[in-house]
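# Residue-level structural notes
The residues making up each chain are set out below.
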Amino acid sequence: MYSLKGVKALYSLDHLVLGAGAGTLNLGDALYQLFVFLILLFLLRKFAWDKLIGMMKQREDHIATEIQAAERSNEEARVLVEEQRALLKEARLEGQALVENAKKVAEDQKADIIRAAQEESARLKESARKEIVQEKEQAVIALREQVASLSVLIASKVIEKELNEKDQQKLIDDYVKQVGEAR
């Protein structure tokens, strides 16, 4: 698969890469790397650190304002929910008051209707009673007139002839019979 030459080449590359860390620490290289790191740190501090801190501060302020806005919105929503609950409670109370008022009005109207019907009934009874009394009086007047006319008729017949007891009884029976038919 691999040729011997290829394996040696791979081994030598591994040895170079692996061998780079396996050697002794060179003080000159370490000082050079430290110097380059400090220069890089100085350049970052001089040119990028303030901008980076400013961006982080802006981001922090932006997040803080977003949190405050969310909290305000949440508080406003809570207040609105409370107002809606209060309005709903008030609407329920008003609805109950309207129902109670409607029931009271209905009861009052019922009582008024019953009272008016009773008054009308009493008025009709009184009117009927007066009419009955008036009819009775008219009947009595008519009966008196008939009795008077019959009395006159009987008296005229009595005058025309003398009556015996049998004729007198016959006149009385005829009179009673005529009065009974008149009723």
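Treat the numbers as computed from the prediction; the structure is a model and nothing was measured. (Residues numbered from 1 in each chain as written. Predicted model: local features only at pLDDT ≥ 70, side-chain atom pairs only at ≥ 80, totals over all residues. Heavy atoms only, no water.)

## Here's the deal with the overall build of the chain
Secondary structure assignment for the chain yields three helices and zero strands. For the chain, the succession of helices and strands along the chain, N to C, is α-α-α. Total accessible area computed for the chain in this model is approximately 17000 Å², and 62% of it derives from carbon and sulfur atoms. (Helix = DSSP H or I, 4+ residues; strand = E, 2+ residues; numbered from the N terminus. Areas by Shrake-Rupley, 256 points an atom, 1.4 Å probe, with all protein chains shown as cover.)

## Section: the pattern of salt bridges
Under the criterion given, the structure shown has seven salt bridges. The salt bridge involving Arg78 is made with Glu75; its shortest N-O contact spans 2.4 Å. With Arg78 and Glu75 both in helix 2 (residues 27-160) and three residues apart, this pair spans about one turn of that helix. With a relative accessible area of 37%, Glu75 lands in the partly exposed category. Here Glu82 makes a salt bridge to Arg85, at a shortest N to O gap of 3.2 Å. Here Glu82 pairs with Arg85, and both are found in helix 2, just three residues apart, close to one helical turn. (Salt bridge = Lys/Arg side-chain N within 4 Å of Asp/Glu carboxyl O. Buried < 20%, exposed > 50% of the residue type's maximum accessible area, 1.4 Å probe, protein only.)

## Examining the confidence of the model for the chain
Chain-level pLDDT for the chain is 83 on average; 83% of the residues reach the 70-or-more range. At the low end of the mean pLDDT range in the chain sits helix 1 (residues 4-22), at 51; at the high end sits helix 2, at 90. (pLDDT = per-residue confidence, 0-100.)

## Re a nonpolar patch on the surface
Together, Tyr32, Phe35, Val36, Ile39, Phe42, Leu43 and Phe47 give the surface a local cluster of nonpolar side chains, amounting to about 740 Å² of exposed area. Note on placement: Leu43 falls in helix 2. Residue class for Leu43 comes out partly exposed when judged on its relative accessible area of 38%. (Patch = residues over 30% accessible without salt bridge, like charges linked within 9 Å, V, L, I, M, F, W, Y side chains within 5 Å.)

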